[in-house]
Amino acid sequence: MTLQSALKTGLLKVFVYALLALFLIPALTYVFTGYAQRDRDERFVAAISQRIDAEKGMPASEKQARKDYYRSNPPSTICSSTDPQAQDYRAALCERYGEVWQFTLVRTVSLWTMVVSALLLLAVLGLGALAFADRKMQYTSFVTGWRLTTWASAASLLVQGALAVWLSFWVTAFFFHQYSPKFIVLVGLAVALGVFVAVAGIFKRVHWDNQAVGELVSEADAPVLWKRIRQLAQRLNTEPPRNIVAGIDANFFVTEAPLTVGNHTLTGRTLFVSLPLLRILDQSEADAVLGHELAHLRGGDTRSSARLGPKLVQFDHYRHAIRAGGLSAVVSPVLDLYRTIFEIALARDSREREFKADRIAAKLVSPAAIAQSLVKIAAYAQYRDKIEDELFGQDQRHDNQLGIARYVASGLAPYAASDDFLDAMKSANVPHPFDSHPAMPERMRNVGMSLAERDYGAIAVRAPAATWAQEILTADAIEQRLWSAYETEFAQDHERSLAYRYEPATDAERALVLKYFPPVSFALKGGATVEVSIDGIRTSADAMTVFWDAVKDLQFKESSLGNALVVTHPEKGLIGQKTTKVKLPGLKKEKDHFNAVVGAYWQRHQIMRVQQLEG
């Protein structure tokens, strides 16, 4: 499934959630107040009719007229009446903060909340449509939608929260003639916290750090390559990059956003080149790739991304804060709806930009060069991912120097001749850090080039006569440093994953697991301790150990008599699930740390058992 199809699949689901977020509470409030007002109207009219009927000396016609008046002007409508003859009637029933006043006000607020919510929904859909209609308007559309949805979500949370607090009193008071002050306070506090999170998130500024792992290539280090890039830029009538960064990632890209490389922050136009890929591409194939990237610069793609990128990051951080903010999560579907619509627009625009850049590169160099470069890049990326997945999946520790580049170089030819290779290449995407690239066969058709699938393997392993990597004097040294750092980090991540995978079964495995999950002891009252380890939870007071295999659920209970951890076991007794209470007297200040450690060690055990079943 492509990114765009996945987004479209989730759009309907997000839309339904957004409808619930915008309309559920106000609609329930509107229905409840309407029902309660009708009930109160009927009881009031019945009571007042009895009093009128009991009046002696009043003509029957006047009695009927008065009863008809109250039926036509029940309490639910009288507060909004401007009839001067009803002034005493209004004064008696519509005093500020009284029941009739409250129900009338809340019903009006709930109605207008739904109206404003409908307008907000239309605005979100309209701004989303604008992002599809005009690429130049995408930035303005998103910033407008960002401001609108964040402030509207905070306002909606405030209004709907107030309605929820009001309902927490009146629903039980109306139907059961009682209410729970604790419940009302709890709802009020949750609403206050949610509103605080929503408003605070609007003013929080997020630092956008755009990073790349690589090293700068100066003109002195690669004068011929710099000259060639300037020639290509001149032919495309665009300014050349200010910086060239060489790395070992399997992609090429350009950016105009500030880019952090090591201890330097680069500004202006930056071109990232992959040294491993430059070694397998001949110069004409590499020219096609470089022309493709320069076409993005000419078309303003990178300038647009540089402006929009930080805003997207800011908006996504706000969405995350809303989801994690308790009751504030209620309004997150509205934000998600706009973000999903905009992401679909960006994905479509990205696809069109890639096709256009490919056509420009094909015209600049040749369709064959761009097609062959796509095959080589996709083949290298697919096989490198395969090698790294296999290495990471191994159950033995690795040395820091794995020789991934060597593995790829020696194994690419056999892989290119396998059936797995052809299956992978049919749906392969050329990797890129900023865009969702179309599938490779589509990109070939776009430049009018058709390569037989049986030729993919031969193209992938075809040795280049001359490469641009040869023209970078510092290429070997840069690769050596980057691969060394990359493989050291890879080995450390793999070792950390083994700490989750090992049971352990040997002394060496146990030593590795204990490196990341050593026993952690917590002091209890009276000199007792509770220890959390990879084996389970043990208390010194009763020398009891609850082993992780005997745990189905954990719940920390706080009590004035002493805290405790209630462990639910997988097996069932005669009257339900069996539980064990691990008493934790005196564990107060460290309770959060204790819960975090217990959760981490139990999670490790669960992951280990799943790995054993899958292995």
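Here, every reference points to the structure presented above.
Okay, so let's go over this structure. The model shown is predicted, which means the values in this text are computed figures rather than measured ones. (Residues numbered from 1 in each chain as written. Predicted model: local features only at pLDDT ≥ 70, side-chain atom pairs only at ≥ 80, totals over all residues. Heavy atoms only, no water.)

Focus: the overall build of the protein chain
This is how it is decided: The secondary structure listing takes helices from DSSP runs of H or I that are at least 4 residues long and strands from runs of E that are at least 2 residues long, numbered from the N terminus. Only C-alpha atoms enter the radius of gyration; for comparison, a globular chain is expected to reach 2.2 Å times N to the power 0.38, where N is the number of residues. Remark: exposure states derive from per-residue accessible area (1.4 Å probe, protein chains only) relative to the maximum for the residue type, with buried under 20%, exposed over 50%, and partly exposed in between. Only heavy atoms matter for contacts: two residues are in contact if any of them lie within 4.5 Å across the pair. The protein chains shown are the only cover counted for residues, whose accessible areas, like all others here, come from Shrake-Rupley with a 1.4 Å probe. For this count, His and the chain ends are skipped, Lys and Arg are scored as positive, and Asp and Glu as negative. In plain terms, the charge of a residue is placed at NZ if it is Lys, CZ if Arg, CG if Asp and CD if Glu.
A tally of regular secondary structure across the protein chain gives 20 helices and 13 strands. For 615 residues, the compact-globule estimate of 2.2 N^0.38 gives 25 Å, and the C-alpha radius of gyration of the protein chain, at 34 Å, exceeds that figure by more than 25%. Projected onto its principal axes, the C-alpha positions of the protein chain cover 120 × 70 × 45 Å. Expressed as a percentage of the 615 residues in the protein chain, the buried residues total 46%. Once local pairs closer than 6 in sequence are excluded, the contacts in the protein chain between residues at least 24 apart make up 70%. Accessible area for the protein chain stands at about 31900 Å²; split by element, carbon and sulfur atoms hold 56% of it. Once the 68 positive and 64 negative side-chain charges of the protein chain are each reduced to a mean point, those two points are 6 Å apart.

A short note on the sheet that holds strand S8 (residues 529–532)
So the rule is basically this: Strand pairing is defined by DSSP finding a minimum of two bridges between the two strands. Every angle, taken between N-to-C directions, lies between 0 and 180 degrees, and every axis is a line fitted to C-alpha atoms, over only the stretch in contact when it is a helix.
Strand order in the open sheet formed by 4 strands is S7-S8-S9-S10, and the pairing between neighbours is antiparallel. A single partner strand is all that each edge strand has here, and the edge strands are strand S7 (520–523) and strand S10 (544–547). Going across the sheet, the axis of each strand differs from the next one's by a mean of 15 degrees, ignoring polarity. Both S7 and S8 contribute to a ladder of 4 bridges, which runs antiparallel. Each bridged residue has a counterpart across the sheet, and for Ala 523 the counterpart in S8 is Thr 529.

Section: the sheet that holds strand S2 (residues 243–247)
Here 4 strands make up an open sheet; going across it, the order is S1-S2-S6-S3 and the pairing mixed. For this open sheet the edge positions go to strand S1 (215–216) and strand S3 (253–255), each flanked by a neighbour on one side alone. Where helix H10 (residues 283–298) meets the sheet, its contacts fall on S3 and strand S6 (270–274), and the angle it forms with S3 comes to roughly 20 degrees.

Observations regarding the packing of helix H18 (residues 475–501) against helix H20 (residues 591–614)
The line we're drawing: By the definition adopted for this analysis, an angle is roughly parallel if under 35 degrees, roughly antiparallel if over 145, roughly perpendicular if from 65 to 115, and oblique otherwise.
Direction vectors running N to C along H18 and H20 enclose 85 degrees, while the axes themselves pass 7 Å from each other. In this view, H18 runs roughly perpendicular relative to H20, as classed from their interaxial angle. Seen from H18, the contacting residues are Ala 499, Tyr 500 and Arg 501; seen from H20, they are Gln 603, Arg 604, Ile 607, Met 608 and Gln 611.

Here's the deal with the environment of Glu 487
In plain terms, the rule: As used in this structure description, the phrase polar contact means that two N or O atoms lie within 3.5 Å; if the pair is within protein, one of them must be able to donate a hydrogen and the other to accept it, and residues adjacent in sequence are counted only when both atoms belong to side chains.
In this structure, Glu 487 sits in helix H18. Residue Glu 487 is classed as buried on the basis of its relative accessible area, which comes to 4%. With sequence-adjacent residues up to four places away left out, Glu 487 is seen in contact with Asn 400, Gln 401, Leu 402, Gly 403, Ile 404 and Ala 405. One polar contact links the side chain of Glu 487 to the main-chain amide nitrogen of Leu 402, over a distance of 2.7 Å.

What about the packing of aromatic side chains?
Selection criterion: Stacked, edge-to-face and tilted are the three classes for Phe, Tyr and Trp ring pairs, Trp counted by its six-membered ring, which pair at centre distances within 6.5 Å; planes under 30 degrees apart are stacked, over 60 edge-to-face, the rest tilted.
Within the structure shown, the criterion is met by 30 aromatic pairs. With a centroid separation of 5.0 Å and 85 degrees between ring planes, the pair formed by Phe 169 and Trp 170 is classed as edge-to-face. Overall, the relative accessible area of 25% leaves Phe 169 in the partly exposed class. Judged by relative accessible area, which is 8%, Trp 170 ranks as buried.

Re helix H11 (residues 301–323)
The cut-off we apply is this: By this rule the span expected of a helix is its residue count minus one, scaled by 1.5 Å. The seven residues ending at a residue and the seven starting there each receive a fitted axis; the angle between those axes is the bend at that residue.
Compared with the 33 Å implied by 1.5 Å per residue over 23 residues, the 32 Å span of H11 between its first and last C-alpha is a close match. Roughly 30 degrees is the biggest bend found in H11, and it falls at Leu 308, with proline Pro 310 one to four residues downstream. Three or more residues of H11 are buried, namely Asp 301, Thr 302, Ala 306, Leu 308, Gly 309, Leu 312, Gln 314, Phe 315, Tyr 318, Arg 319 and Ile 322. Where H11 is buried, its residues meet helix H6 (138–176), helix H7 (181–203), S3, H10 and helix H12 (332–364).

A closer look at the pairing of S2
Across the 5 residues that make up S2, a large majority, 5, are buried. The side-chain alternation of S2 yields two buried faces, one formed by Asn 243, Val 245 and Gly 247 and the other by Ile 244 and Ala 246. Where S1 and S2 come together, 2 bridges link them in antiparallel fashion. Paired with Leu 216 across the bridge in S2 is Val 245. The pairing of S2 with S6 spans 5 bridges and is parallel. Paired with Ile 244 across the bridge in S6 is Leu 271.

Concerning the pattern of salt bridges
Operational definition: For this analysis, a salt bridge means a side-chain nitrogen from Lys or Arg found within 4 Å of a carboxyl oxygen belonging to Asp or Glu.
As enumerated under the stated definition, the model contains 31 salt bridges in all. Among the salt bridges present, the one from Asp 53 reaches Lys 67, with a minimum N-O distance of 3.0 Å. Here the residue Asp 53 occupies a position in helix H1 (residues 3–54), and Lys 67 occupies one in helix H2 (residues 60–72), the gap between them amounting to 14 residues. Looking at Asp 53, the relative accessible area reads 43%, which means it is partly exposed. Residue classification places Lys 67 among the buried positions, given a relative accessible area of 11%.

So, unusual backbone geometry
In this model, Glu 503 is joined to Pro 504 through a cis peptide bond whose omega is 5 degrees. With respect to the element layout, Pro 504 can be found in the loop between H18 and helix H19 (507–516). Despite not being glycine, His 177 shows a phi value in the positive range, around 55 degrees. Inspection of the secondary structure puts His 177 in the loop between H6 and H7. Unlike most non-glycine residues, Asn 237 shows phi in positive territory, near 60 degrees. Tracing the sequence through the fold places Asn 237 in the loop between helix H8 (223–235) and S2. Residue Asn 237 is classed as exposed on the basis of its relative accessible area, which comes to 70%.

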